[in-house]
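Residues per chain, in single letters:
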Amino acid sequence: MIPDKAPKEDVFHGSEDLKKEAHVSSFDRYKELYASSIERPDEFWGDIAKDFFWKTKHTGPLLQYNFDVTKGEIFVKCMEGATTNISYNLLDRNVHERKLGDRVAFYWEGNEPGDELTVTYRELLQSVCRFANVLKSQGVKKGDRVSIYMPMVVELVVAMLACARIGAVHSIVFAGFSAESLCERIMDSQCSLLITADGFYRGDKLINLKLLADEALQKCRDKGFPLDKCIMLRHLSKEAEDTSQSPPAKRACPDLQVPWNPDVDLCWLSLTRAASDECEPEWCESEDPLFILYTSGSTGKPKGVLHTVAGYMLYTATTFKLVFDHQPDDVYWCTADIGWITGHSYITYGPLANGATSVLFEGLPTYPDVSRMWEIVDKYHVSKFYTAPTAIRLLMKYGSEPVKKFKRDSLKVLGTVGEPINPEAWHWYYNVVGEGRCPIVDTFWQTETGGHVLTPLPAATPMKPGSATFPFFGVVPAILNESGEELEGPSEGYLVFKQPWPGVMRTVFGNHQRFETIYFKKFPGYYVTGDGCRRDKDGYYWVTGRIDDMLNVSGHLLSTAEVESALVEHEAVAEAAVVGRPHPVKGESLYCFVTLNDGLTLSRSLEAELKQQVREKIGAIATPDFIQNAPGLPKTRSGKIMRRVLRKIACDERELGDVSTLADSSVVEQLFQNRCGAGV
Ligand code: WT7
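Okay, so let's go over this structure. Please read these numbers as outputs of a predicted model, since none were measured by experiment.

### Description of the overall build of the protein
Line of reasoning, step 1. Within the protein, the secondary structure is distributed over 20 helices and 30 strands.
Line of reasoning, step 2. Here the C-alpha radius of gyration of the protein, 25 Å, is about what a compact globule of 680 residues would show, namely 26 Å.
Line of reasoning, step 3. Dimensions of the protein, computed from the C-alpha atoms along their principal axes, are close to 75 × 65 × 60 Å.
Line of reasoning, step 4. Long-range pairs, those at least 24 residues apart, make up 74% of the contacts in the protein between residues at least 6 apart in sequence.
Line of reasoning, step 5. Across the protein, the centroid of the 75 positively charged side chains sits 1 Å from that of the 91 negatively charged ones.

Listed below in structure tokens is the structure:
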């Protein structure tokens, strides 16, 4: 499947400089290693495992699995029999064995320019041990779930690694999610403790996080799940003598509200002050759960994607090292939020496993101005930079001048993730940001895959703008047609994987059957990604986007069902159908069709109420761009909404294709006439 020769046309090659020191320095070397990773996976991953600390060694084959539902339960086990601790491998091993205690783990850069902090590996280890002891003192035990709802501060990393240290399972909820979303995730994970912060700023907008957390806990109580422990970090409301890790905020926060319930709330600072900074790690089984991370599901109910200790560690460490070609003098910066999988794998676990130095940024690319990213690149001499197409498109709008104000001569590798990158954005990233010097690693992966699965290696893979190129080691992709037949050569169809790699998810928390149904039932024998994909004549993979009822807004998945159910909960709405409409910055935006209850009209205020309702139920990321009144929806005779037709209406495209199954074609014309934002 992988070509013998590198293609000659339309391709970009990594710089010669990079090749000199690279871990994988040529396309031939990539092919060699790839072949060995597939033919002898135990040897391949076994060699990598030698770099890590195992309290006891594994027994039997390194990877054991069943990927075929017709043959029994789906399972994947990596390093069965071994025991280890991931926080030990990320921290103690780097401090004590590799003597990297004084190395900077994170340069924290706050929302406000000038708010900054440096944390070494030794300091991070100490803080993690302290907080691990705090968790223990609050009765958290191995296997317990802990929800974390925090801004991008060092303490977020501390909280997650403290969980990992004692074998508790963290469930991080992105701080942009609503109280309702947090409540749903707390209840699904049945967690025993919540960790949050008072508030934070995103640009000049204050988020009263504790207020939202309290609202979520009240909702949990109302639904019969009284969670009565909440540790709160004072991030904005810190006292002057405070010596915890974040510096005092540079601005006054008159609007900050910090409700406090002494029966429930505990103060991060006073608990940690009293705790010892030594904590023997809990030695976990390889397949013990490490964390749950919720991702949108096409039925509307988020799924708790579960990752386990050993396989996730090996996979994030290896992908980080090779995809960013990590070198000891690098300063690496991933702009994602830790609340998403990108932050889990490529801010916390992958970089720390390698002893890397990273920037941890709390703010926004446009605050206080649109040069902020490049200013930070120069300030810390960032050499490896990882961001999302939506951020690139946003900054592109302001032209090259804000970029050129800064030197960026430290940059060596650029990365992207979250959605297919359009060639225009690719070229701007390559030519303007990287000045034509830096290869771009377009990394395709999912919350479920744990780490990169299709990706170039920066010094080895000839790049084609818009293609995630080839599989990472251990990953075997295939393209299937609708009947589940594998297509050979140039082709287009469903992207699937034929065998597991160490970092693949193990189950949906609390619902293994749902895991099997979503990913393995449609095409037995394969893991189904839900993405469409094309393979070109040179064997390059081009992911074309979701082929299920999922939307990708700014690199984050939402399900149409999730937004629809938020809309129909409003008393005015009888029925709703949501589709994605291409958007120049966000990739896709939400276009919602609503059928109102009898006699109602879609006034401006009702429209605003509906948008607010979706925001409150899900979060700001799901705010609809358009809401259109739809007295009728296009349905098949069997009553299924034809989203394909709605997508065309949203884009004002009259070529509808085959509509012979439509029950009543007059509704379509009516919808075209009443489109919102006609002309857009
Ligand atoms: C979906 C997964 C993986 C971290 C961020 C999103 C899309 C992601 C790419 C890429 C084309 C991409 C896919 C995938 N996607 N990266 N490089 N090229 N599409 O994680 O929320 O689990 O979303 O994002 O559609 O299935 P996620």
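Alright, that's what it looks like, and here's the rest.
### Description of the packing of helix 4 (residues 86-97) against helix 11 (residues 341-353)
Line of reasoning, step 1. In the contact formed by helix 4 and helix 11, the axes pass within 9 Å of each other and the chain directions differ by 50°. In terms of orientation, helix 4 and helix 11 fall into the oblique class. Pair helix 4 / helix 11 crosses with left-handed handedness. Side by side, helix 4 and helix 11 meet where Ile86, Leu90, Arg93 and Asn94 of the first sit next to Thr348, Tyr349, Leu352 and Ala353 of the second.

### Digging into the packing of aromatic side chains
Line of reasoning, step 1. Counted by the stated rule, this structure contains 47 aromatic pairs.
Line of reasoning, step 2. Taken together, a centroid distance of 5.6 Å and an interplanar angle of 55° make the contact between Phe53 and Trp283 tilted. Taken together, the residues span a long stretch of sequence, with Phe53 in the loop between helix 3 (41-49) and strand 1 (63-66) and Trp283 in the loop between helix 9 (268-273) and strand 13 (284-285) at a distance of 230 residues.
Line of reasoning, step 3. With 6.2 Å between their ring centres and 25° between their planes, Phe497 and Tyr527 make a pair best called stacked. Linking Phe497 in strand 22 (residues 491-497) with Tyr527 in strand 24 (residues 527-535), this pair joins segments that are 30 residues apart in sequence. Just as Phe497 is buried, Tyr527 falls in that class too.
Line of reasoning, step 4. The structure contains a cluster of three or more aromatic residues connected by ring pairs, namely Phe27, Tyr30, Tyr34, Phe44, Trp45, Tyr315, Phe470, Phe472, Phe473 and Tyr540.
Line of reasoning, step 5. Across the ring face of Trp260, the terminal group of Arg234 is positioned such that the distance to the ring centre comes to 6.0 Å.

### Examining the sheet that holds strand 14 (residues 289-295)
Working definition: the strands of a sheet are paired by backbone hydrogen bonds and lie parallel or antiparallel to each other.
Line of reasoning, step 1. The strand order across the open sheet formed by 8 strands is 12-11-8-6-7-14-15-23, and the pairing between neighbours is mixed. Both edges of this open sheet fall to strand 12 (265-267) and strand 23 (507-508), since each of them pairs with a single strand only.
Line of reasoning, step 2. Note that strand 8 (residues 193-197) and strand 11 (residues 230-233) share 4 bridges and pair parallel. Opposite Thr196, over in strand 11, you have Met232 as the bridge partner.
Line of reasoning, step 3. The strands that helix 6 (residues 154-166) touches are strand 6 (145-149), strand 7 (169-172), strand 8, strand 11 and strand 14; relative to strand 6, the one it contacts most, it runs at about 175°.
Line of reasoning, step 4. Each of strand 6, strand 8, strand 11 and strand 12 is contacted by helix 8 (residues 209-222), which is oriented at about 155° to strand 8, the strand it contacts most.

About the cut-offs
Residues numbered from 1 in each chain as written. Predicted model: local features only at pLDDT ≥ 70, side-chain atom pairs only at ≥ 80, totals over all residues. Heavy atoms only, no water. Helix = DSSP H or I, 4+ residues; strand = E, 2+ residues; numbered from the N terminus. Rg over C-alpha atoms; globule rule 2.2 N^0.38 Å. Contact = heavy atoms within 4.5 Å. Lys, Arg positive; Asp, Glu negative; His and termini not counted. Charge placed at Lys NZ, Arg CZ, Asp CG, Glu CD. Axes fitted to C-alpha atoms, helices over the stretch in contact; angles between N-to-C directions. Parallel < 35°, antiparallel > 145°, perpendicular 65-115°, else oblique. Left-handed = near helix turned anticlockwise from the far one by under 90°. Phe/Tyr/Trp six-rings, centres within 6.5 Å; stacked < 30°, edge-to-face > 60°. Buried < 20%, exposed > 50% of the residue type's maximum accessible area, 1.4 Å probe, protein only. Lys NZ or Arg CZ within 6 Å of the ring centre and 35° of its normal. Pairing = 2+ DSSP bridges.

These results come straight from atomic positions and should not be treated as a statement about function.
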